[in-house]
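Working through the structure, step by step
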Amino acid sequence: QSQFSCDHPCNGPEKWNHANSNCEGKQQSPINIVTRKTLKDERLTPFKFDNYQQIFRGTIKNNGHSVQVGVPHLSTVSGGGLPTSYKAVQFHLHWGNNGGPGSEHTIDGEQYPMELHIVHMKHHYIDLTTALSDPEGVAVLGFFYEKSNRANRKYEPIINALRSIKNANGNTSLLPVSLAQLIPAEQNLTSYYRYKGSLTTPGCTEAVVWTLFESPIPLSMEQLRAFSELKFHDGNSMVETFRPVQPLNGRQVFRSGG
Ligand code: SG7
Ligand code: ZN
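Keep in mind that this is a model prediction, so the values were computed, not measured. Residue numbers here run from 1 along each chain, matching the order of that chain's written sequence. Following the order in which they are written, the chains are lettered starting with A and the ligands numbered starting with 1. Restriction of local features to residues with pLDDT of at least 70 applies here, the model being predicted, together with a cutoff of 80 or more for giving and counting side-chain atom pairs; totals for whole chains, interfaces and linings are based on all residues. For side-chain calculations, the full set of non-hydrogen atoms in the structure is used, while hydrogens and water are omitted.

What follows deals with the sheet that holds strand 9 (residues 110–111). Only strands that DSSP links by at least two bridges are regarded as paired with each other. Under the scheme used here, helices are H or I runs from DSSP no shorter than 4 residues and strands are E runs no shorter than 2 residues, and both carry numbers assigned from the N terminus. Spatial strand order, 1-8-9: three strands in an open sheet with mixed pairing. In this open sheet, the two strands that pair with only one neighbour each are strand 1 (32–33) and strand 9. The sheet contact formed by strand 8 (residues 106–107) and strand 9 spans two bridges and is antiparallel. Paired with threonine 106 across the bridge in strand 9 is glutamine 111.

Following this line, the structure appears as structure tokens:
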């Protein structure tokens, strides 16, 4: 499956359908979640996070269309109505222009300033390519951000690294971080939405069990703005790195109820 051949905006979302026929599928992501149309599902119980506290020394990379951090495949997630356990592979972010609207998913039409995607694959797969051939092979945990008056100190390793990776293909090592420190406390993760969708970039593969948590992560305006200092491959400011919302095409969105 073809990955990005170019960046926003020179080969943006409106061109993807021509680049890859998957991107015109009927189960695409992201979506707008209309909360009054969600269905409460008792099977959507709390998640079990294993080794999310594991501290690791990751490499943060400007891959020309986002910033991405590979994580050791030691952190796993299960429960939460998932069919099996999934291991974390990488995380990356989608953001706006200097703290403006930037999330991929929207809730009742509200677009948050940024969205974190922790990409997982079923525990028995060896790589994402293999996992993407299974319609439930990938689970992405999505988290929204909100503007706060105070800097979020837990994000300092990420924010401080950005200045070293302004240009495409730049990478640098992160100070030690854990996945747990980047997301809300576990007791605040029991309210979430669930639906079946796709990767939000080409090849747009429809192999993703999506979870969007209600509880947002606070960042200061200055922290949010730091992401807009990055550059795309073409040297333009890396801003508005989100795909617009896609049609639901009759899919049901569920909400946790366990
Ligand atoms: C970004 O989003 C990258 C991709 C990711 C894609 O373009 O982080 O990561 C890699 C390894 O290329 O694709 C397969 C995958 O994780 C789509 O991810 S997303 O649907 O969570 N936004
Ligand atoms: Zn993403």
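Every protein donor of the zinc ion (ligand 2) is listed here as His92 (NE2), His94 (NE2) and His117 (ND1), and their distances to the metal cover 2.0 Å. One way to put it: the four donor atoms around the zinc ion (ligand 2) meet at angles of 100 to 114°, and that makes the site tetrahedral. Coordinating N, O and S atoms are those within 2.8 Å of the metal (3.2 Å for Na, K and Ca), and as water is not part of the atoms, a site may appear to have fewer donors than expected. When the donor residues of the zinc ion (ligand 2) are listed from N- to C-terminus, their spacing reads H-x1-H-x22-H. In this pair, histidine 94 is assigned in strand 7 (residues 86–95) and histidine 117 in strand 10 (residues 114–122), connecting sequence segments 23 residues apart. Note on geometry labels: four donors, all angles 85 to 135 degrees, give tetrahedral; four donors become square planar and six octahedral when opposite donors are over 155 degrees apart and every other angle is between 65 and 115; remaining cases are irregular.

With respect to the helices and strands, the residue aspartate 134 is situated in the loop between helix 2 (128–131) and strand 11 (138–148). The exposure class of aspartate 134 is buried, given its relative accessible area of 14%. Residue contacts are defined here by distance: any two heavy atoms, one from each residue, within 4.5 Å place the two residues in contact. Ignoring anything within four residues of it in the chain, the contact list for aspartate 134 reads Lys122, Tyr125 and Ala207. Each residue is assigned to one of three classes by its accessible area relative to the maximum for its type, calculated with a 1.4 Å probe on protein chains only: buried under 20%, partly exposed between the two thresholds, exposed over 50%.

This part covers the environment of lysine 37. Relative to the elements of secondary structure, lysine 37 occurs in the loop between strand 1 and strand 2 (39–41). On a C-alpha basis, the gap between lysine 37 and lysine 196 in space is 15 Å, while along the polypeptide they are 159 residues apart. Aside from chain neighbours lying at most four places away, what touches lysine 37 is Gln252 and Val253.

Summary of the distance rule: residues count as near a molecule or strand when at least one heavy atom falls within 4 Å of that molecule or strand. Ligand 1 sits among 15 residues. The nearest are His65, Gln68, Gln90, His92 and Thr200. Measuring from an oxygen atom of ligand 1, one finds a side-chain N or O atom of histidine 65 at 2.9 Å. Taking histidine 94, its side chain carries an N or O atom lying 3.3 Å from a nitrogen atom of ligand 1. All accessible-area figures derive from a Shrake-Rupley calculation using a 1.4 Å probe, and residue coverage is judged against the displayed protein chains alone. When isolated, ligand 1 has an accessible area of 490 Å², and the protein chains bury 88% of it. Taken together, the elements giving at least two residues each to the shell around ligand 1 come down to strand 7 and strand 10. For the shell around ligand 1, the element with the highest residue contribution is strand 7, accounting for three residues. Partitioning the shell around ligand 1 into residue classes produces five nonpolar, nine polar and one charged. Think of a polar contact as two N or O atoms within 3.5 Å of one another; within protein, one of them needs to be a possible hydrogen donor and the other a possible acceptor, and neighboring residues in sequence only count if both atoms come from side chains. Residue type decides the class: Asp, Glu, Lys and Arg count as charged, Ala, Val, Leu, Ile, Met, Phe, Trp, Tyr, Cys and Pro as nonpolar, and the leftover types, Gly among them, as polar.

In this section: the pairing of strand 14 (residues 208–220). Burial of strand 14 is extensive: 10 of the 13 residues sit out of reach of the surface. Both strand 11 and strand 14 contribute to a ladder of 10 bridges, which runs parallel. Its bridge partner being in strand 14, valine 138 is matched across the sheet by valine 208.

A separate point is the nonpolar core. Residues grouped as a nonpolar core are buried Ala, Val, Leu, Ile, Met, Phe, Trp, Tyr and Cys residues, joined through side-chain atoms within 4.5 Å. In terms of nonpolar packing, the biggest core is built from 46 residues, with Phe91, Leu116 and Ile118 touching the most fellow members. Secondary-structure elements contributing two or more residues to this core are strand 3 (47–50), strand 5 (67–70), strand 7, strand 10, strand 11, helix 3 (156–162), helix 4 (179–182) and strand 14. Among the elements that take part in this core, strand 7 stands out by supplying five residues, more than any other. Apart from residues lying up to four places away in sequence, isoleucine 118 is in contact with Tyr52, Ala88, Gln90, Phe91, Ala139, Val140, Leu141, Phe143, Leu179 and Ile183. Counting 21 residues, the second-largest nonpolar core is a separate cluster that includes Ile31, Tyr112, Val119 and Tyr193.

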